[in-house]
Amino acid sequence: MQRKSRIGKMSKLIQYPWVWGILTLCFALAIGGSLTWQHFNPKNHFSHLKTLNTTKTKYYQAKGTFNVLVIGSDERPNQVTGHTDSMLLIHANLTKHIYNIVSIPRDSQIYMQSLGYTKLTSVQSVYQEKYGAKKGVLMAVKTISSYLNVPVNYYLETNYWGFRSMVTAVGGITMNLPFPVTLTHPWYSDDQNKTFTKGKHNLDAKMVTEIVHERDSLPGTDFGRQQLQEDALVGIANKVSNPINALKIPALVTSVSKFLVATNMNKSDMTSFALAIANNFDAKKQLHYFQLKGTNKVVYDSILENYNDEIILNKAALQKVIKDDVKN
């Protein structure tokens with residue numbers, strides 16, 4: 001079955017809870033430290049940045065802009081490898097106060113040099129098995145950067161456990177499920193086949209993370225999962241913004257510090273970014289979300305050594321988004 005290749009654009013809050021956690025960390029660093037403005041001035045700080053790879057074409061990076069690849073992995077405790085469940089490319093323009101976010105489907109087909117074609121979700125695992133956890137993630141970032149033909153200045157890897165800690169810190173949340181959910185692939189076997197009706201549910205951290213991990217029982221699978229992740233984000237934002245819960249914010253900040261598995265961003269980078277977005281930030285006006293879609297095809301996967309469903313992105317449409325909304 002094929003789906004028409006298209007690009008959907010939305011201007012709304014980020015659809016991924018773990019990205020919201022990273023932004024929360026940035027705010028916390030800005031509030032909690034003693035800052036020297038000249039050192040942390042975003043326009044100065046984010047100039048003449050290094051990139052993690054050399055792209056196919058020359059690229060001019062304007063002062064006060066940077067690109068960051070955010071990876072959400074399924075890595076579990078004591079594991080050194082993980083598959084990439086979610087990928088976001090964020091282009092920050094601190095001069096215009098615009099943040100463009102491109103969501104990249106995990107099942108997009110990609111070519112790995114000397115290895116052949118596979119899904120994007122497998123790239124991280126392959127490189128981590130070969131080079132180890134830290135270098136493997138960096139190699140995956142470089143591969144995805146080359147695939148998109150856009151330089152990446154920073155990367156952030158997150159996972160399930162940090163998100164669960166964050167929901168625990170705020171004492172659980174209320175989710176308004178847009179459709180019924182059945183847990184077909186839960187983290188814990190005792191949650192297998194649990195069902196939730198459409199509508200509002202007061203949930204603890206364990207159950208929230210189980211729900212946002214589900215995809216097989218949802219309409220649109222991965223795209224349905226994104227709707228659940230968005231609803232979880234709204235639930236967290238509503239809980240934190242309630243004045244009654246102000247005392248829970250320090251615990252939330254502590255949990256977010258556990259959320260990052262790997263990154264090349266240092267504390268100064270995060271603090272400068274926080275300063276940039278903390279001034280009159282309006283998510284509806286400043287955050288622009290682009291969801292890439294493509295054509296589903298059954299093709300041979302050189303890594304898995306079998307035929308499976310993969311998404312063939314429309315390269316012309318992809319490069320238009322990169323040119324118009326990621327490159328300056």
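Up top you'll find the structure we're talking about.
Note that this is a predicted model, so its numbers are computed, not measured.

### Thoughts on the pattern of salt bridges
- Within this structure, the stated rule accounts for six salt bridges.
- Among the ionic pairs, Lys-194 bridges to Asp-191, the shortest N-O distance being 3.0 Å.
- Of the charged contacts, one joins Lys-320 and Asp-324 as a salt bridge, the two residues approaching to 2.8 Å between their closest N and O atoms. With Lys-320 and Asp-324 both in helix α12 (residues 315-326) and four residues apart, the pair spans about one turn of that helix.
- If you follow the salt bridges from partner to partner, you end up with Asp-190, Asp-191, Lys-194 and Lys-206 in one network.

### As for the side chain of Asp-301
- Assignment of secondary structure puts Asp-301 in strand β14 (residues 294-301).
- A distance of 2.9 Å separates the side chain of Asp-301 from the backbone nitrogen of Ile-303, its partner in a polar contact.
- Separated by 2.9 Å, the side chain of Asp-301 and the backbone nitrogen of Leu-304 make a polar contact.
- Filtering out sequence-adjacent residues up to four positions away, Asp-301 remains in contact with Tyr-117, Thr-118, Lys-119, Asn-306, Asn-308 and Glu-310.

### Points about α12
- Residues Leu-318, Val-321, Ile-322, Asp-325 and Val-326 constitute the buried set of α12. Buried positions in α12, seen along its axis, are confined to an arc of 110 degrees and lie on one side of it. Turned more than 90 degrees away from the buried face of α12, the exposed residues are Ala-316, Lys-320 and Lys-323.
- N-cap assignment for α12: the residue whose side-chain oxygen lies 3.0 Å from the backbone N of Ala-316 is Asn-314.

### Some thoughts on the environment of Gly-82
- Along the chain, the position of Gly-82 falls in the loop between β2 (65-73) and β3 (84-93).
- Overall, Gly-82 belongs to the buried group, its relative accessible area being 3%.
- Considering only alpha carbons, one finds Gly-82 and Val-123, 41 residues apart in sequence, at a separation of 9.4 Å.

### A word on the pairing of strand β6 (residues 116-119)
- Sheet topology note: the strand β5 (residues 109-112)/β6 ladder contains four bridges and is antiparallel. Bridge pairing in β6 links Gln-109 to Lys-119.
- Two successive antiparallel strands, β5 and β6, enclose a turn made up of three residues, where Ser-114 displays a positive phi of approximately 70 degrees.

### What to know about the pairing of strand β7 (residues 154-158)
- Where burial is concerned, most of β7 is hidden: five out of the five residues are buried.
- Along β7, one buried face is formed by Tyr-154, Leu-156 and Thr-158 and the opposite face, lined by Tyr-155 and Glu-157, is buried too.
- Bridge count between β7 and strand β12 (residues 260-263): three bridges; the pairing is antiparallel. Paired with Thr-158 across the bridge in β12 is Leu-260.

### A word on the nonpolar core
- With 31 residues, the main nonpolar core has Leu-69, Leu-89, Val-102, Ile-104, Val-141, Ile-144 and Leu-148 as its most contacted residues.
- Those residues within four positions of Val-102 in sequence are excluded, and the remaining contacts are Met-87, Leu-88, Leu-89, Phe-290, Leu-292, Val-321 and Val-326.
- Counting residues in each nonpolar core, the second largest holds 21 residues, with Met-166, Val-181, Met-207 and Ala-232 among its members.

### Re helix α5 (residues 133-148)
- In a regular helix each residue adds 1.5 Å, so 16 residues correspond to 22 Å; α5 covers 23 Å between its end C-alpha atoms and thus fits that length.
- Within α5 the residues assigned to the buried category are Gly-136, Val-137, Ala-140, Val-141, Thr-143, Ile-144, Ser-145, Tyr-147 and Leu-148.

Calculation criteria
Residues numbered from 1 in each chain as written. Predicted model: local features only at pLDDT ≥ 70, side-chain atom pairs only at ≥ 80, totals over all residues. Heavy atoms only, no water. Salt bridge = Lys/Arg side-chain N within 4 Å of Asp/Glu carboxyl O. Helix = DSSP H or I, 4+ residues; strand = E, 2+ residues; numbered from the N terminus. Polar contact = N/O pair within 3.5 Å; in protein donor to acceptor, adjacent residues only side chain to side chain. Contact = heavy atoms within 4.5 Å. Buried < 20%, exposed > 50% of the residue type's maximum accessible area, 1.4 Å probe, protein only. Arc of directions from axis to C-beta. Pairing = 2+ DSSP bridges. Core = buried A, V, L, I, M, F, W, Y, C linked by side-chain atoms within 4.5 Å. Expected span 1.5 Å × (residues − 1).

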